Amino acid sequence: MRRYLPVAAAVALLLLLAVLQPWLRFVLTIALSTGLAVLGIAMLLRAGQVSFGHALYVAAGAYAVAFARPHLGEGLLLLLLATLVGTLLGLLVGLFVARYRDIFFGMLNLAFSMVAWSLLEKLYGLTRGTDGIRVARPMLLGFALEGAAWEWALLLAALAAALLAGALVARYLASPAGSALGAIKTRETRLEFAGVSARRVLLQAYVVSAGLAGLGGAFVALATLHVTPLLAYWTHSGELVFVAILGGTGNVLGPFLGAVVFELVRVHAAASFPDAWQMILGLVLLAIILTAARGLVGLLDDLAARLGRRG
Amino acid sequence: MGLLLLLAALDGLATAAQVFMVAVGLTLVFGVLKILNVAHGSLFAIGAYLASTLVGLLGVPWLSLLALVAAALAVGVVLGPLIERGLLARIYDKEHVLQLLVTFALFMILEDVQKLVWGVQPLFEDAPVRFLGRIEVGGIFYTSYQLLLLPGVALASLLALVWFLRRTLLGRTIVAVTHDREVAEAIGIDSRRVYLLTFTIGAALAAMGGALAAPTTSLVPGIGVQMIVLSFAVIATAGLGRIEGAAVTALLIGLGRSFAVYFAPELEVVIPYLLMVAVLLVRPAGLFGSTEVRRV
């Protein structure tokens, strides 16, 4: 039971924040959607691989919602569709990038996302370029919701999706396939000797991570009701990697913890220093990496260990 | 049709020259340090901005070409050692993923440094292009800058670099460290110095690419990332660490891109990456890369 205590505490804290500060409902929905995408990146980091282009799948999910919305009124179906689009695109790109490691893996992902960004900007007739596409608010479970009710419904849906995704990914990481993923980082040759195809293991994780990012993108589209090519831009991919390192990749709570802290800070900081925001992220990222810290999850673990010793 | 092909080829040559300058620095640094510097694109951008500023400050047309070189050297000599000694020297023995994250973090920082120093408004300064005048090709006027200077500088850089690496003692020292750092150190080569020198040359090349590009285009935030992605496509297609190969693929990708501009404009941004994917599917180590035993 102890295992679920941190999760229950996190959920309770999140709901408390949303009750006390109504404007935070939007911020927390965005944070959970970021967390979904980061969860996928954290999976890939387990394998020692970093993708500088996962914003591609966030954008794919968001644009899937925007394109499908005129033909589809049910929000849950839109979420499913976006996950499917992210997954399929992930499979297509993954078949290529899963052949590569390290530098190639990171940079090829960056290249694909930047091509997608250029296309989203250039194909004005299809995507309306930098103006982006407005998304009409869909129904949720057949209810047409407005105002606070809509915000709550979307937040709870995002929370449910986060819990489900977190549980599934935790199961996956604890499974033999998940252990094989970690082995890609430590010693890939041994994995191959054991008769496991490293490429297939990485491809599986990649496809799942793309699907999660697609789902996250769908929530972004539904929360902001507006999608733009910036969703695919490298700065967005960089933020996702940043949150993964900030939260810590030790367990599945890390990405969501990192995302909530990140979005809460961003609400205040990004407005104050619009031209130095990336710089601050870069400096914090450097600090975390060079001190070999394990992110926020690591901090909490240390804290818990210290309290445990005292008590 | 023939004229159109010629024009596309000339445009492609100029594009290739610019991309080559950046890509060759990237591949040189990777070849020696075994680190892919994601922030290489920022050095390109900073070189471009600094060149623009210097040209504007000088205001004397014939000095403007010197200003481009000065800007490149300044970026290389100041930022190169700062980054290599201050940051990269700490991570040579770390995992690849951490090295990538560090240079990516540096990239995030430098992109904003560039915004803080030069702002986000487009900057345009074409004094060097106007100074060199124009040439007529098939009834169409070309700037000598684009037609002669860019390819000339790129070719000269290639030849100079190859001569330096293969024919001079210092250059061969660098090659020795690339082959086997430990053996090179055993015979008395200071590999720290080699790393520092290589990175400085690489940074100066990136900045030179930027300085050369500055008079031909409006400088806006984001040129750095476009360039790092494109030059990575070039060196990945060539095979990482291949200098002559980078020249050939830069030409291939530059021409591919300019032909796309003339004949299928909507494909312009996609062509370089289609070429890259096509090549990598057939030859995973790149056109000129040697297939080695997988390093894991």
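One can find the structure itself at the top, above this paragraph.
Rules used in this analysis
Sequence order as written defines the numbering, with residues in each chain counted from 1. Both sets of labels track the order of writing: A upward for chains, 1 upward for ligands. Two thresholds apply to this predicted model, a pLDDT of at least 70 for residue-level local features and 80 or more for giving and counting side-chain atom pairs, whereas whole-chain, interface and lining totals are computed over all residues. Computation of side-chain values covers all heavy atoms of the structure but excludes hydrogens and water. Here a helix means four or more residues in a row that DSSP labels H or I, a strand means two or more in a row labelled E, and each is numbered from the N terminus. For a compact globule the rule gives 2.2 Å times the number of residues to the power 0.38, and the radius of gyration it is set against comes from C-alpha atoms. Any residue under 20% of the maximum accessible area for its type is buried, any over 50% is exposed, and the rest in between are partly exposed; the area is computed with a 1.4 Å probe on protein chains only. Here, residues are in contact when the closest pair of their heavy atoms is within 4.5 Å. Between Lys or Arg on one side and Asp or Glu on the other, a salt bridge is scored when a side-chain nitrogen of the former is within 4 Å of a carboxyl oxygen of the latter. Summed over both partners, buried area is the accessible surface (1.4 Å probe) that two parts give up on being assembled. For the purposes of these results, a polar contact is taken to be a pair of N or O atoms within 3.5 Å, where, inside protein, one atom must be able to donate a hydrogen and its partner to accept one; residues adjacent in sequence count only when each atom of the pair is a side-chain atom. Asp, Glu, Lys and Arg are counted as charged, while Ala, Val, Leu, Ile, Met, Phe, Trp, Tyr, Cys and Pro are counted as nonpolar; the rest, among them Gly, fall into the polar class. A pair of Phe, Tyr and Trp rings is counted when the ring centres sit within 6.5 Å of each other, with Trp represented by its six-membered ring. The angle between the planes then sorts it: under 30 degrees is stacked, over 60 is edge-to-face, the rest tilted. The criterion is that NZ of a Lys, or CZ of an Arg, lies within 6 Å of the ring centre and within 35 degrees of the ring normal, and then a charge sits over that ring. The criterion for strand pairing is that DSSP finds at least two bridges linking the strands in question. The span one expects for a helix is its residue count, reduced by one, times 1.5 Å. Across the chain, bend at a residue is computed as the angle between axes fitted to the seven residues ending at that point and the seven starting from it.

Remarks on the overall build of chain B
Line of reasoning, step 1. Helices and strands together make up the secondary structure of chain B, namely 12 helices and 2 strands.
Line of reasoning, step 2. Secondary structure elements in chain B, listed N-terminal to C-terminal, are α-α-α-α-α-β-β-α-α-α-α-α-α-α.
Line of reasoning, step 3. Here chain B has a C-alpha radius of gyration of 19 Å; the compact-globule value for 296 residues is 19 Å, and the two agree.
Line of reasoning, step 4. Projected onto its principal axes, the C-alpha positions of chain B cover 60 × 45 × 35 Å.
Line of reasoning, step 5. The buried share among the 296 residues of chain B stands at 53%.
Line of reasoning, step 6. When contacts within chain B are restricted to residue pairs at least 6 apart in sequence, long-range pairs at least 24 apart make up 76% of them.

Here we look at unusual backbone geometry
Line of reasoning, step 1. If you check the backbone angles, Arg-128 of chain A has positive phi at about 60° while not being a glycine.
Line of reasoning, step 2. Its location among the elements puts Arg-128 of chain A in the loop between helix H6 (124-127) and strand E1 (133-134).
Line of reasoning, step 3. On the basis of relative accessibility, which here comes to 44%, the residue Arg-128 of chain A falls in the partly exposed class.
Line of reasoning, step 4. One non-glycine residue, Lys-34 of chain B, lies in positive phi territory at about 60°.
Line of reasoning, step 5. If you trace the backbone, Lys-34 of chain B turns up in the loop between helix H1 (2-33) and helix H2 (40-58).
Line of reasoning, step 6. Looking at Lys-34 of chain B, the relative accessible area reads 36%, which means it is partly exposed.

Re the pattern of salt bridges
Line of reasoning, step 1. Counted according to the given criterion, the structure contains 13 salt bridges over all chains.
Line of reasoning, step 2. In this structure, Arg-130 of chain B and Asp-126 of chain B form a salt bridge, with 2.9 Å as the shortest nitrogen-oxygen distance.
Line of reasoning, step 3. The structure contains a network of salt bridges with shared partners spanning Glu-239, Glu-263 and Arg-266 of chain A.

Points about the interface of chain A and chain B
Line of reasoning, step 1. In this assembly, 44 residues from chain A lie in contact with 43 residues from chain B.
Line of reasoning, step 2. For the pair chain A and chain B, the summed buried area comes to about 4000 Å², and 81% of that belongs to carbon and sulfur atoms.
Line of reasoning, step 3. Area buried by chain A at its contact with chain B is led by Ile-103, Trp-234 and Asp-275 of chain A, which between them contribute 16% of it.
Line of reasoning, step 4. For the pair chain A and chain B, the number of links is 1 salt bridge.
Line of reasoning, step 5. We note a salt bridge from Glu-95 of chain B to Lys-185 of chain A, for which the minimum N-O separation is 3.7 Å.
Line of reasoning, step 6. The tally of links from chain A across to chain B stands at 5 residue pairs in polar contact (both at pLDDT 80 or more).
Line of reasoning, step 7. Those elements giving two or more residues to the side of chain A that touches chain B turn out to be helix H5 (102-122), helix H9 (188-193), helix H11 (234-247) and helix H13 (277-290) of chain A.
Line of reasoning, step 8. In terms of residue count, H5 of chain A provides more of the side of chain A that touches chain B than any other element does, 14 residues in total.
Line of reasoning, step 9. Of the residues in the side of chain A that touches chain B, the class split is 29 nonpolar, 7 polar and 8 charged.

Some points on the side chain of Asn-109 of chain A
Residue and element names in this part refer to chain A.
Line of reasoning, step 1. Examined against the element boundaries, Asn-109 turns out to sit in helix H5.
Line of reasoning, step 2. Assessed through its relative accessible area of 2%, Asn-109 is described here as buried.
Line of reasoning, step 3. Excluding its chain neighbours within four sequence positions, the residues that come into contact with Asn-109 are Ser-51, Phe-52, Gly-53, Val-97 and Tyr-206.

Description of the packing of aromatic side chains
Line of reasoning, step 1. Taken as a whole and assessed by the stated rule, the structure comprises 19 aromatic pairs over all chains.
Line of reasoning, step 2. A ring pair is formed by Trp-234 of chain A and Phe-107 of chain B, whose centres lie 4.5 Å apart and whose planes are at 35°; its orientation type is tilted. Here Trp-234 of chain A, found in helix H11, pairs with Phe-107 of chain B, found in helix H4 (residues 96-118), and the two come from separate chains.
Line of reasoning, step 3. The buried category is assigned to Trp-234 of chain A, whose relative accessible area is 3%.
Line of reasoning, step 4. Judged by its relative accessible area of 0%, Phe-107 of chain B is buried.
Line of reasoning, step 5. Here the aromatic residues Phe-52, Trp-117, Tyr-233 and Trp-234 of chain A together with Phe-104 and Phe-107 of chain B are joined through ring pairs into a cluster of three or more.
Line of reasoning, step 6. Stacked on the ring of Phe-141 of chain B, the Lys or Arg Arg-134 of chain B has its end atom at 5.8 Å from the ring centre.

Focus on the pairing of strand E2 (residues 140-143) of chain B
Line of reasoning, step 1. Where strand E1 (residues 134-137) of chain B and E2 of chain B come together, 4 bridges link them in antiparallel fashion. Paired with Glu-136 of chain B across the strands is Phe-141 of chain B, a residue of E2 of chain B.

Here's the deal with helix H4 (residues 75-97) of chain A
Line of reasoning, step 1. Over its 23 residues, H4 of chain A runs 32 Å from end to end, which matches the ideal 33 Å to within 8%, given 1.5 Å per residue.
Line of reasoning, step 2. Along H4 of chain A, the sharpest kink reaches roughly 25°, centred on Leu-91 of chain A.
Line of reasoning, step 3. In this structure, the buried side of H4 of chain A is in contact with helix H3 (55-68), H5 and helix H10 (198-224) of chain A together with helix H12 (271-282) of chain B.
Line of reasoning, step 4. If you check the start of H4 of chain A, you find a side-chain oxygen 3.1 Å away from the backbone N of Leu-76 of chain A, and it comes from Glu-74 of chain A.

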